[in-house]
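A structural walkthrough
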Amino acid sequence: MKGKRRPKPPSTHYSMMDELLASTSQPMPQRNRDYQLKQMNDALQELMQAPRPTNNAWRIVSDAVNLLETLVQHGEAPIKDATGNVIASHWRDCDGDAVEIRDNSGLLLDAITAMTKAGQRMLEGHPLRLDGPGIAAVRAVLEDYQAALETLPHRTMVRCHRATEKRIREVFNKIEQLPDGVHAMAI
């Protein structure tokens, strides 16, 4: 990455105290869920329809994709397919029962790829846009994230945010060491 500006990892939104104070038996408060989902859906609409979508819209949608990735691949008990890829994870619901969080549509990796392609287009001087398959993949991921948000306790969702931020910071700290074909993008 010589000559290029090193991408800045995201800032921290939640502290350990936020996690400890969040309920273990109730979902995130409805107003918080509504706000978060509205932000994500509005950002997707902007990426689809605005004449000049903003970097912030891309970041919000990327956050949603990254959060679902954490829920699917980094839970208490990962579930692997025949090839060894993690396809779901178990988490505890509001009653303390194990619940499987998975990529129901199978489009999580497509959504990750779509967000990377949109960012790359912007870096090439084009509008920050998702293509048709990218829109479908991101919509599916947002639906899966919404289902998780309504099922899992508030503390789990705060823990998910914190784990996602940590995971992304680790990627950006090792950006020069990423394997071929693996890209990290911050815009």
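We now turn to the structure provided with this report. All values derive from a computational prediction rather than experimental measurement.

A few points about the overall build of the protein chain
Summing up its helical and strand segments, the protein chain has 6 helices and 3 strands in all. A burial count over the protein chain gives 38% of its 187 residues as buried. Pairs at least 24 residues apart make up 65% of the contacts formed inside the protein chain by residues separated by at least 6 positions.

Observations regarding the pattern of salt bridges
Scanning the model with the defined rule gives 6 salt bridges in all. Close ionic contact of Glu69 with Arg167 constitutes a salt bridge, the shortest N to O distance being 3.3 Å. A residue pair is termed long-range when its members are at least 10 positions apart, and Glu69 in helix α3 (residues 55-73) and Arg167 in helix α6 (residues 154-173) qualify at 98 residues. Of the two residues, Glu69 and Arg167, neither departs from the other in class, the shared state being buried. Note that Arg92 and Glu76 form a salt bridge whose closest N and O atoms lie 3.5 Å from each other.

Concerning the nonpolar core
Grouped together as the largest cluster of nonpolar side chains are 37 residues, with contacts concentrated most on Leu71 and Leu130. Sorting the residues of this core by element identifies α2 (30-49), α3, β3 (98-102), α4 (108-123), α5 (132-151) and α6 as the ones contributing at least two each. For this core, the element with the highest residue contribution is α3, accounting for 10 residues. In contact with Leu71, other than residues within four places in its own chain, are Ser89, Trp91, Ile101, Tyr145, Ala148, Leu152, Met157 and Cys160.

Concerning the sheet that holds strand β2 (residues 86-92)
Strand order in the open sheet made by the 3 strands is β1-β2-β3, with antiparallel pairing throughout. The open sheet terminates on both sides in strands that have one partner only, identified here as β1 (77-80) and β3. Neighbour-to-neighbour, the strand axes of the sheet open up by a mean angle of 30°, direction not taken into account. Of the strand pairs in this sheet, β2 and β3 are connected by 5 bridges, and their pairing is antiparallel. Each bridged residue has a counterpart across the sheet, and for Ala88 the counterpart in β3 is Arg102. Against the sheet, α3 touches β2 and β3, its axis set at about 80° to β2.

Things to note about the environment of Leu20
You can see Leu20 is positioned in helix α1 (residues 16-21). Along the chain, Leu20 and Val158 lie 138 residues apart, while their C-alpha atoms are 9.1 Å from each other.

A word on a nonpolar patch on the surface
Judged by side-chain polarity, Met16, Met17, Leu20 and Leu21 come together as a nonpolar surface patch covering roughly 440 Å² of accessible area. Looking at where Met17 falls in the secondary structure, it is placed in helix α1.

Some thoughts on the pairing of β1
Relative to β2, β1 runs antiparallel, the two sharing 4 bridges. Within the sheet, the bridge partner assigned to Lys80 lies in β2 and is Val86.

Thoughts on α5
The end-to-end C-alpha distance of α5 is 29 Å, a good match for the 28 Å that 20 residues give at a rise of 1.5 Å each. The complete set of buried residues in α5 reads Gly134, Ile135, Ala137, Val138, Ala140, Val141, Leu142, Asp144, Tyr145, Ala148 and Leu149. Of the surrounding secondary structure, the elements contacted by the buried residues of α5 are α2, α3, β3, α4 and α6. For α5, the N-terminal capping position is held by Asp131, with its side-chain oxygen 2.7 Å away from the main-chain nitrogen of Gly134.

Conventions and cut-offs
Residues numbered from 1 in each chain as written. Predicted model: local features only at pLDDT ≥ 70, side-chain atom pairs only at ≥ 80, totals over all residues. Heavy atoms only, no water. Helix = DSSP H or I, 4+ residues; strand = E, 2+ residues; numbered from the N terminus. Buried < 20%, exposed > 50% of the residue type's maximum accessible area, 1.4 Å probe, protein only. Contact = heavy atoms within 4.5 Å. Salt bridge = Lys/Arg side-chain N within 4 Å of Asp/Glu carboxyl O. Core = buried A, V, L, I, M, F, W, Y, C linked by side-chain atoms within 4.5 Å. Pairing = 2+ DSSP bridges. Axes fitted to C-alpha atoms, helices over the stretch in contact; angles between N-to-C directions. Patch = residues over 30% accessible without salt bridge, like charges linked within 9 Å, V, L, I, M, F, W, Y side chains within 5 Å. Areas by Shrake-Rupley, 256 points an atom, 1.4 Å probe, with all protein chains shown as cover. Expected span 1.5 Å × (residues − 1). Polar contact = N/O pair within 3.5 Å; in protein donor to acceptor, adjacent residues only side chain to side chain.

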